[in-house]
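Structure assessment
So the chains spell out like this:
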Amino acid sequence: MTDSGKVYHRSCTGPALQTVQQHAQEQDITLFAGCFCPFVQRVWAALEYLHIPYKDYEVDPYQKPQELLNVSPKGLVPALMLNAFDPPRALNESTVILDFLEDIAAKSTHRSLFPPSTDPYARALVRLQSDHISRTLVPAFYRYLQAQDPEAQISGGKEFHAVVQSLVELFERAEREVGGTGLWVEGGDLGWADVMVAPWIFRATNVLKHYRGFEMPRGAKFEAWLERLFEHPAFKKTCSDEELYLDSYERYAFNRPNTSQVANAINSGRGLP
Ligand SMILES: N[C@@H](CCC(=O)N[C@@H](CS)C(=O)NCC(=O)O)C(=O)O
């Protein structure tokens, strides 16, 4: 496979495009989004699930318009502009934004991605899942996708497979100990760890499959979870057509210079921005 020089997309397609169009009106929250960005997608799916009103505003995070820099110091999406404050305030960092949205929903829509506060242990298990996703699974995804040397690609694939398997083990532990969290168990609903990881699991089934021949772990339970995750309306609404992801990630797959702050961090062995 050779680098065909595809450029990243700048606007959503498919179901995600319809969602953008339905969220064009001014609201207390403006989401600064980028159509291909998985960090955006987790926040976006949470907004949908928690039924929090928002305006979707697509920006190009690689061109960094001043209005993005005003709400996000490193010029990264996602960011929120909070228009109910005068003057408006801002928030960045997908995980911080997710916490904020949970707090907003607790006071307004009374929806939550977490087990109830009456079950602190179940909530802690979800945080363990989430910690694994942030510190291990997400960096492993980029290491694998950016690896150019065939041996590094093989070990990257093994590593990514193993970290997905470790997440499954955390889901199984929650099933044993507290009856399950999120969508892992049949009859469950979208949960915090599902939202945290879904964008990368989704890109593993299209981007990693296309550029690296990656195959997801097998097994009826795992496949049923994937199906529930990808079919969940709050997630599905945030997905563009496959072509958008394949085109937008070619830069990562060929490790083009200065692809992004994330790619640079992976190449230099630093923590992600
Ligand atoms: N830690 C950040 C990462 C966000 C991030 O890396 N976003 C990418 C798009 S997927 C971006 O804005 N990149 C612009 C750049 O690399 O300059 C978060 O969780 O929100």
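Residues numbered from 1 in each chain as written. Predicted model: local features only at pLDDT ≥ 70, side-chain atom pairs only at ≥ 80, totals over all residues. Heavy atoms only, no water.

Regarding the environment of Trp200
For Trp200, the location among the structural elements is in helix H7 (residues 192–212). Classification of Trp200 by relative accessible area gives buried; the value is 0%. Put simply, Trp200 and Phe141 are 59 residues apart on the chain and 7.3 Å apart in space, counted from C-alpha to C-alpha. Apart from residues no more than four positions distant in its own chain, Trp200 is found in contact with Pro38, Phe39, Arg42, Leu137, Val138, Phe141 and Tyr142. (Helix = DSSP H or I, 4+ residues; strand = E, 2+ residues; numbered from the N terminus. Buried < 20%, exposed > 50% of the residue type's maximum accessible area, 1.4 Å probe, protein only. Contact = heavy atoms within 4.5 Å.)

Quick notes on the confidence of the model for the protein chain
Residues at a pLDDT of 70 or more form 100% of the protein chain, whose mean pLDDT is 98. When pLDDT is averaged over each helix and strand of the protein chain, the minimum, 97, is found for helix H12 (residues 261–267) and the maximum, 99, for helix H2 (residues 38–50). (pLDDT = per-residue confidence, 0-100.)

Description of the environment of Ser117
If you trace the backbone, Ser117 turns up in the loop between helix H4 (94–107) and helix H5 (120–146). The exposure class of Ser117 is exposed, given its relative accessible area of 59%. With 128 residues separating them along the chain, Ser117 and Tyr245 place their C-alpha atoms 37 Å apart.

Description of the UniProt feature "domain: GST C-terminal" (unreviewed entry) in the protein chain
If you check UniProt for "domain: GST C-terminal" (unreviewed entry), the listed places come out as residues 119–261 in our numbering. Along residues 119–261 the backbone is 73% helical and 0% strand, and the end-to-end C-alpha distance reaches 38 Å. (UniProt positions renumbered as here; feature names shortened; annotations may be inferred.)

Remarks on the nonpolar core
Judged by nonpolar contacts, the single largest core of 87 residues is most densely connected at Leu101, Tyr142, Leu145, Phe160 and Trp225. No other element matches the 13 residues that H7 contributes to this core. Here this core gathers at least three residues from each of two domains, domain 1 (14–107) and domain 2 (120–267). Leave out the neighbours within four places in its chain, and Trp225 touches Leu167, Phe171, Leu183, Trp184, Asp194, Val197 and Ile201. (Core = buried A, V, L, I, M, F, W, Y, C linked by side-chain atoms within 4.5 Å. Domains from an automatic or database assignment.)

A look at the site of the ligand
Residues in close proximity to the ligand total 15 residues, the closest being Cys37, Lys64, Ser94, Gln261 and Pro273. In this structure, an oxygen atom belonging to the ligand sits 2.6 Å away from a side-chain N or O atom of Ser94. Burial of the ligand by the surrounding chains reaches 95%, relative to a free accessible area of 520 Å². Using a 2 Å cut-off from the grid points, one finds that the ligand occupies the largest pocket. Mapped onto the shell around the ligand, the elements with two or more residues apiece are H2 and H12. The residue inventory of the shell around the ligand, partitioned by class, reads 10 nonpolar, three polar and two charged. For the shell around the ligand, the two domains that each supply at least three residues are domain 1 (14–107) and domain 2 (120–267). (Near = heavy atom within 4 Å. Polar contact = N/O pair within 3.5 Å; in protein donor to acceptor, adjacent residues only side chain to side chain. Areas by Shrake-Rupley, 256 points an atom, 1.4 Å probe, with all protein chains shown as cover. 1 Å grid on protein atoms, 1.4 Å probe; cavity = no way out; pocket = protein on both sides within 12 Å on 5 of 7 lines; lining within 4 Å. Sits in = over half its atoms within 2 Å of the grid points. Nonpolar A, V, L, I, M, F, W, Y, C, P; charged D, E, K, R; others polar.)

Details of the packing of H2 against H5
Close contact between H2 and H5 brings their axes to 13 Å; oriented N to C, the two are set at 135°. Viewed along their axes, H2 and H5 adopt a mutual orientation that is oblique. Taken together, the residues of H5 that come into contact with H2 (itself represented by Pro38, Phe39 and Arg42) are Ile133, Val138 and Tyr142. Residues that form the contact of H2 with H5 fall into these classes: five nonpolar, no polar and one charged. (Axes fitted to C-alpha atoms, helices over the stretch in contact; angles between N-to-C directions. Parallel < 35°, antiparallel > 145°, perpendicular 65-115°, else oblique.)

A word on the domain arrangement of the protein chain
The domain boundaries assigned to the protein chain delineate domain 1 (14–107) and domain 2 (120–267). Here the C-alpha centroids of domain 1 and domain 2 sit 21 Å apart. Counting residues at the interface gives 24 residues for domain 1 and 31 residues for domain 2. Across the domain 1/domain 2 interface, buried area totals approximately 2200 Å², and carbon plus sulfur atoms make up 61% of it. Its largest share of buried area at the contact with domain 2, domain 1 owes to Gln41, Arg42 and Tyr49, together 28% of the area lost on that side. The interface formed by domain 1 and domain 2 holds one salt bridge in total. Close ionic contact of Lys237 with Glu48 constitutes a salt bridge, the shortest N to O distance being 3.0 Å. Linking domain 1 with domain 2 are 10 residue pairs in polar contact (both at pLDDT 80 or more). Every element with two or more residues in the side of domain 1 that touches domain 2 is listed here: helix H1 (14–22), H2 and H4. No other element matches H2, which puts nine residues into the side of domain 1 that touches domain 2. (Buried area = accessible area lost by both parts, 1.4 Å probe. Salt bridge = Lys/Arg side-chain N within 4 Å of Asp/Glu carboxyl O.)

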